[in-house]
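Structural overview
What follows is the residue order along each chain.
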Amino acid sequence: MAGPLLRSLWSNTTRRRSFSSQSSPLSPLRAFSAATGAPPNSSLDPNRLRNVAVIAHVDHGKTTLMDRLLRQCGADIPHERAMDSINLERERGITISSKVTSVFWKENELNMVDTPGHADFGGEACVERVVGMVEGAILVVDAGEGPLAQTKFVLAKALKYGLRPILLLNKVDRPSVSEERCDEVESLVFDLFANLGATEEQLDFSVLYASAKEGWASSTFTKEPPADARKMSQLLDAVVKHVPPPKADLDAPFLMLVSMMEKDYYLGRILTGRVSSGVVRVGDKVIGLRNTDSASEKIEEAKVVKLMKKKGTTIVSIDAAGAGDIICMAGLTTPSIGHTVASAEVTTALPSVELDPPTISMTFGVNDSPLAGRDGTQLTGGKIGDRLMAEAETNLAINVIPGLSESFEVQGRGELQLGILIENMRREGFELSVSPPKVMYKTEDKQRLEPIEEVTIEINEEHVGLVIESLSHRRAEVIDMCPVPGNDGRTRLSLTCPSRGLVGYRCVFSSDTRGTGFMHRAFLKYEKYRGPLGNVRKGVLVSMGYGTITAHSLMGLEARGTLFVSPGLDSYDGMIIGEHSRDTDLDVNPVKAKELTNIRSVNKDENVKLSPPRLMTLEEAIGYVASDELIEVTPKTIRLRKRCLDVTKRKSQSKRAKE
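Keep in mind that this is a model prediction, so the values were computed, not measured.

Here is what the cut-offs are and how they apply
Numbering of residues begins from 1 in every chain and follows the order in which that chain's sequence is written. Restriction of local features to residues with pLDDT of at least 70 applies here, the model being predicted, together with a cutoff of 80 or more for giving and counting side-chain atom pairs; totals for whole chains, interfaces and linings are based on all residues. To obtain the side-chain values, all non-hydrogen atoms of the structure were used and water was disregarded. Definition of nonpolar core: a set of buried residues of the types Ala, Val, Leu, Ile, Met, Phe, Trp, Tyr and Cys, connected through side-chain atoms within 4.5 Å. Only protein chains enter the calculation, and the probe is 1.4 Å; a residue is then buried if its accessible area is under 20% of its type maximum, exposed if over 50%, and partly exposed in between. Every helix listed is a DSSP run of H or I at least four residues long, and every strand listed is a run of E at least two residues long, numbered separately from the N terminus. Two strands pair under a simple rule: DSSP has to find at least two bridges between them. Any pair of Phe, Tyr and Trp rings, taking the six-membered ring for Trp, is counted once the centres come within 6.5 Å. Such a pair is stacked with planes under 30 degrees apart, edge-to-face with planes over 60 apart, and tilted for the rest. Our definition puts a charge over a ring when NZ of Lys or CZ of Arg is within 6 Å of the ring centre and also within 35 degrees of the ring normal.

Counting 36 residues, the largest nonpolar core has Leu-139, Leu-167, Leu-169, Val-172, Val-189 and Phe-193 as the members making the most contacts within it. Broken down by secondary-structure element, the contributors of at least two residues to this core are strand E1 (49-56), helix H4 (127-131), strand E4 (136-142), helix H5 (149-160), strand E5 (166-170), helix H6 (179-195) and strand E6 (207-211). At 6 residues, H6 tops the list of elements feeding residues into this core. Within the second largest apolar cluster, 31 residues are counted, among which are Phe-364, Val-400, Val-410 and Phe-430.

Let us now look at the pairing of strand E8 (residues 255-264). Counting buried positions along E8 yields 7 of 10 residues, so the element is predominantly enclosed. Both E8 and strand E9 (residues 268-277) contribute to a ladder of 9 bridges, which runs antiparallel. Its bridge partner being in E9, Val-258 is matched across the sheet by Gly-273. Once E8 ends, the chain turns through 3 residues before running back antiparallel as E9. Direction of pairing for E8 relative to strand E17 (residues 340-343): antiparallel, over a ladder of 3 bridges. Within E17, the position partnered with Leu-257 by the bridge is Thr-340.

Right, let's talk about the packing of aromatic side chains for a bit. Scanning the entire structure with this criterion turns up 5 aromatic pairs. Residues Phe-193 and Phe-205 carry aromatic rings whose centres are separated by 4.7 Å and whose planes lie at 35° to one another, so their mutual orientation is tilted. Placement of Phe-193 in helix H6 and of Phe-205 in the loop between helix H7 (200-203) and E6 is noted, with a sequence separation of 12 residues between them. Phe-205 carries the same exposure label as Phe-193, and that label is buried. Considering the side-chain rings of Tyr-505 and Phe-509, the 5.9 Å spacing of their centres and the 50° angle between planes classify their relative orientation as tilted. Within this pair, Tyr-505 and its partner Phe-509 are both found in helix H13 (residues 505-512), separated by 4 residues, close to a single helical turn. An identical accessibility class is assigned to Tyr-505 and Phe-509; each is buried. The cationic tip of Lys-442 hangs over the ring face of Tyr-526; the distance from NZ or CZ to the ring centre is 4.6 Å.

Take a look at the structure:
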C-alpha cells in the first residue's frame, strides 16, 4: 500500500500542472427567461456547461452534500434530502434512482447528477449510464471510514469512462478525524485509483475537505473555518476549474442517448439524456433508433412536444437545447433507455452502455394461499406481469422472464434491489407469492462459476470470533483484519464471500453484533464454486390447522422455538408460524382451543403470558425462507409458507429427500 510519502511525492511533481480547461470566447449566460424559462438561442454554448456526477459509498453524505450545493447556488430547498423524491428513499435513507438538476454558478451552468451508492442499484439508477453523460465527478469519501467496498464500485465506473474525479473528504468536523487521518485516507484513495488502473492524469486528483452537514468545503484541512468561509464556494469553483466543458458540435445532426425514463399521465414518456450533437427545439421532427445485431433500426417518428430541465427542485420548460446539455424530452412513445433520439436524416444509433449482468433471481407468482384476496386489489397473473414488464422497461438491471402457471422469473443485482421492487408493488395494492433468491451461476470450460462479493465489516473486538465463525459456514474467506483508526476496540474485516452465502445474513449479523456492527458489500467477480454452505438456519414450525390462532395453543408451542405470530391471527395448513429449536421442521396445531369441561369453563382459564413474537420485515423474510418455502406478500401482511400446503404430501416429499 502506498503511504503518505508516495502520495506526497506524486503531488509535488504533478500538482503544479495547469488545470486550465478548454477556453473559448465568452458568451452570454445560459439564463432562463422569467416568463417561459427558455434560454435565448445565443446561449446555446457548451463551453458554459459543466456536467458532473456526485458518487459515493452509502451513508457518506452525498445527498446532504447535494442539498448544500443547491442552497449555495440559490435554489429553494423545501426540506432536507430534497433530492430523495421517492418515499422509500426518505424512509431508508438511501438513494435508489439518479436525479439530474441544473444550477448556475459564476456564469456557468452546472448539470449535477445525484447517483446511488449501493451496488444493487447500479443499473436501476444508471451509474453506468450516468457516468456516460458527464465529464467529471465528485468522489465523496467519509474521512473517518475511508474508502469502502461500494466506493470501489462507483469509482471503477467513473474511471472506466475516463472521468477525472475530485476527491471530497467529508465529515472532517467529527472529533475522531484529524489531519493525519485525512492524509491516510487520501493515500488509501490514491492506492484505490492505482489498483483500478487510473491514468496518470486521473491519479493527479484534487482534494477538498468538507462538512456537508454544516454546509462548508475547504481546499485546506480545517475543522472550524471562519464564518465567512462556511459555504460551498470552493467546491463549486473546483468543479468549474477542473471539470472540462463537453466537446460538442452544434452544427451536426441532433443525437441524444436516452439514459433515464419516467412516465407522466399527461405527457406520456419523458426521456432524459445528454445531447451528443446538434440542437433540438420544440416542434422538431425526430426519430427513435435502436441497435440490433446487424444494424440500427428505426422504431418511431414523432414531434418534440416539450423540452424541460430541472432547475434546483423545480421543472422548467425550455424552447431549445444544444449539444452537451442534459435535458428531458416528451413526445415519443416507443424509445426506452439505451435507445437513441435523433434528427430524421440520422440512420445510425449511438452505442448503448453495457451493463453488469444480474446475479440473483426470484420467482414472482399469483398468491394462491387460502387467505389470498383479503388485502390486495391487484391479484391476477396478468396484472403482476404487466407491472413487472413496466419495471423492466425503466430499469435495465432487471430482466423479467415469463414462466409457467402465471409466474415470472425476475433477475436483478441483489436481494435489496428486488426487495425494493416487491415493497413498491405491495404498496400499490399487489398480492403475490415470492420464492427465495437463487444465485445465477455461469459455466466456463465446463466449470461452474458463482458470483463473489467483497465484504467490509466493522465490529467490536468481542464480536470478531462470532462473526468469523458465522461467515465461515457461508464459505467466506478473510482477506484482511485490522483495527479501525481512531476507534479503540473496533476491528475492520475484509472478506470475500459467495452471494448465496450472504442472502439473509444481514439480520443474523445485526443480532450477533447487538446492532453495533456495520457491513458493506459489493459484487467483485465470478469465481469457482466454493462448495455447499454449512448449517445456516434451523427448521420451522409449520401449521397443520385452519382457523384463528389461540393463546392456549401458542403457550404450549413457545418451548418448541421462536414464534412469528400472535393470538387472533388467521392460520392455514402449510403456513410457517415460527422457527423450530432444532434443525428439522415440525408440524403443529396453533388453532387448538381449550375445551369446555364439567369442572371449569373456558373463560376461567389461567392468565396466558406469551413472549412477543418475532416480526419479520420484507428483507428479513427474503433472506430467511428456504428453497421449499415461499413469501406471501400482501399490502398489509407478510407471511411465510411452504410451497406444498398439504401436510401428507409435505411429509412424503421430506421422506424422499432424506432417502
